[in-house]
Amino acid sequence: MNKIRKGDEVVVLTGRDKKRRGTVLARLDADHVLVEGINMVKKHVKPNPMQGTTGGIIEKTMPIHISNIALFNPATGKGDRVGIKEVDGRKVRVFRSSGEPVGAKA
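Values in this document were obtained by computation on a predicted structure and should not be read as measured data.

What am I meant to see in the pattern of salt bridges here?
A side chain of one charge can pair with a side chain of the opposite charge if their charged atoms are brought near each other. All chains considered together, the criterion is met by four salt bridges. One salt bridge in this structure joins R93 and D8, with 2.7 Å as the shortest N-O distance. Residue R93 is found in strand β10 (residues 90–95), and its partner D8 is found in the segment before β1 (9–12); the two are separated by 85 residues along the sequence. Since its relative accessible area comes to 10%, R93 is described here as buried. Between R20 and D17 there is a salt bridge; the shortest N-O distance is 3.1 Å.

Following this line, the structure appears as structure tokens:
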């Protein structure tokens, strides 16, 4: 079970985007995710008339390692670690600080 999933709200722990929040757009592999508005870079693109793309400088979201982000806990307003507990025979993600299930409506 993945501790961080697509659609989760996360906080960046390290790097130039430290303390910024964003939503996970995609999980690229076991260790990297794309977070909306985080780790943006400017990419120089050549025009390609065969594909109909124009050239120029575009802003692109680059992957970030999951060790550099933490799941946002709305109860505390901070990033929090995630654990996995078995509840009624199902595996459920829980916040380590409070033991509350992730996504539970307070």
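After that view, the rundown keeps rolling.
Got a minute to help me understand the side chain of R93 in this structure?
Only 2.7 Å separates the side chain of R93 from the side chain of D8, close enough to count as a polar contact. When sequence neighbours within four positions are dropped, the list of residues in contact with R93 reads M1, N2, K3, I4, R5, D8, L71, V82, G83, E100, P101 and V102.

I tried to follow the nonpolar core on my own but got confused; where do I start?
Inside soluble globular proteins, nonpolar side chains tend to come together where they are buried. Counting residues in each nonpolar core, the largest one holds twelve residues, listed as I4, V10, V12, V24, V33, V35, I38, I64, I69, L71, V82 and F95. Elements supplying a minimum of two residues to this core: β1, β3 (32–35) and β7 (69–73).

What's the story with the sheet that holds strand β2 (residues 21–27) in this structure? I'm lost.
Strand pairs in the sheet, formed through backbone hydrogen bonds, run parallel or antiparallel to each other. As summarised here, the arrangement of the six strands in space is β6-β3-β2-β1-β7-β8, forming an open sheet in which the pairing is antiparallel. Edge positions in the open sheet fall to β6 (64–65) and β8 (78–80), since each of these has one partner strand only. Across two bridges, the pairing between β3 and β6 is antiparallel. Counted as the bridge partner of H32 is H65 from β6.

Explanation requested: the layout of surface pockets in the structure shown.
Space left empty within the atom packing is revealed by a probe, the size of a water molecule, rolled over the atoms. Considered as a void within the structure, the second largest pocket measures approximately 170 Å³ in volume. Along the walls of the second largest pocket sit K3, I4, L13, I66, S67, I69, A70, L71, D80, R81 and V82, which together make up its complete lining. At three residues, the largest contribution of residues to the lining of the second largest pocket is made by β7. The residue inventory of the lining of the second largest pocket, partitioned by class, reads seven nonpolar, one polar and three charged.

Thresholds applied
- Residues numbered from 1 in each chain as written.
- Predicted model: local features only at pLDDT ≥ 70, side-chain atom pairs only at ≥ 80, totals over all residues.
- Heavy atoms only, no water.
- Salt bridge = Lys/Arg side-chain N within 4 Å of Asp/Glu carboxyl O.
- Helix = DSSP H or I, 4+ residues; strand = E, 2+ residues; numbered from the N terminus.
- Buried < 20%, exposed > 50% of the residue type's maximum accessible area, 1.4 Å probe, protein only.
- Polar contact = N/O pair within 3.5 Å; in protein donor to acceptor, adjacent residues only side chain to side chain.
- Contact = heavy atoms within 4.5 Å.
- Core = buried A, V, L, I, M, F, W, Y, C linked by side-chain atoms within 4.5 Å.
- Pairing = 2+ DSSP bridges.
- 1 Å grid on protein atoms, 1.4 Å probe; cavity = no way out; pocket = protein on both sides within 12 Å on 5 of 7 lines; lining within 4 Å.
- Points joined across faces, edges and corners; volume = space filled by probe spheres on them.
- Nonpolar A, V, L, I, M, F, W, Y, C, P; charged D, E, K, R; others polar.

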